[in-house]
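Coordinate analysis (summary)
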Amino acid sequence: MDNKKQEFNEFKEFREQISLLRSKLRTQEIVGDNDIMAATKKSMGWIQLSGMLYVALGVFAIPFCCIALQQKGFSLPFVWATGIYLALCVLVTVYMHRSVCGSKSYVETGNLVEVSSKYLKLRKNYVLTILVSIPAVIAWALWLYFDAKNSFSDPAMIERVRYAIFVGGPIGVVIGLWRYFKTIKETDSILAHIRELQESDEK
């Protein structure tokens, strides 16, 4: 009789330990999911903030650059082309980032497939944009130089334009590439976190 009672107590204690272990595992999973959710929202916040910042800078740059180029004496076609190019950059940025606005709410409601689709599209658009932007910037820089040669008779002015292209150009390219790779990195991080959350939901 005592042996059965002892076995019963041991079995009861074993069940309590199993229950406690399961509770701890569930708690760890919840904490893990919350950490993943926080990291995902942080990356989303950076992408949205950077998008708004570049749109604001672009909107400011359009009139500033056009007025500055016109006052310096560049040709009207070049000034207009520069303004149109900057306007297109702003519109493309708005279009790309508009698709991911409100993504945080999708994560909170568990609509992970929708979020994943939005950021896969954003990543694809960024890759396409950089492939188009590089030759476009090179063409613009060449036009800037030849327009300066045709518009100015002062060799010192042409030399300043050449200096701006060979010094300012690489700086602009580095900033643009940094933005591109940073956005791709944050997007890949979001997609990886979403896969983790989906795997956690399937368990």
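Being a predicted model, the structure only gives us computed values, none of them experimental.

Of the regular secondary structure elements, the protein holds five helices and zero strands. In the protein, the succession of helices and strands from N to C terminus is α-α-α-α-α. The buried share of the protein, taken over its 203 residues, is 29%. Long-range contacts, defined here as pairs at least 24 residues apart, represent 79% of the contacts in the protein between residues at least 6 apart.

Counting through the fold element by element, R179 comes out in helix α5 (residues 155-202). Of the side chains with opposite charge, E186 comes closest to the buried, unpaired R179, at an N-O distance of 13 Å. R179 has contacts with Y54, T93, H97 and Y126, leaving out every residue within four places of it along the chain.

Taken together, the side chains of I134, V137, I138, L142, F146, V173, L177 and F181 make up a nonpolar region of the molecular surface, amounting to roughly 720 Å² of accessible area. If you list the elements that add at least two residues to the nonpolar patch, you get α4 (112-151) and α5. If you tally residues by element for the nonpolar patch, the top one is α4, at five residues. Counting through the fold element by element, L142 comes out in helix α4. Exposure remark for L142: the relative accessible area of 48% places this residue in the partly exposed category.

Bringing the confidence of the model for the protein into the picture now. Do not read the fine detail of predicted coordinates wherever pLDDT is low. Model confidence for the protein is summarised by a mean pLDDT of 78, while 72% of its residues fall at 70 or above. When pLDDT is averaged over each element of the protein, helix α2 (residues 76-98) comes out on top at 92 and helix α3 (residues 103-108) at the bottom at 55. Here residues 27-32 is a poorly scored stretch, pLDDT under 50, and it has zero contacts once near neighbours within four places are set aside; other chains count.

Conventions we followed
- Residues numbered from 1 in each chain as written.
- Predicted model: local features only at pLDDT ≥ 70, side-chain atom pairs only at ≥ 80, totals over all residues.
- Heavy atoms only, no water.
- Helix = DSSP H or I, 4+ residues; strand = E, 2+ residues; numbered from the N terminus.
- Buried < 20%, exposed > 50% of the residue type's maximum accessible area, 1.4 Å probe, protein only.
- Contact = heavy atoms within 4.5 Å.
- Lys, Arg positive; Asp, Glu negative; His and termini not counted.
- Salt bridge = Lys/Arg side-chain N within 4 Å of Asp/Glu carboxyl O.
- Patch = residues over 30% accessible without salt bridge, like charges linked within 9 Å, V, L, I, M, F, W, Y side chains within 5 Å.
- Areas by Shrake-Rupley, 256 points an atom, 1.4 Å probe, with all protein chains shown as cover.
- pLDDT = per-residue confidence, 0-100.

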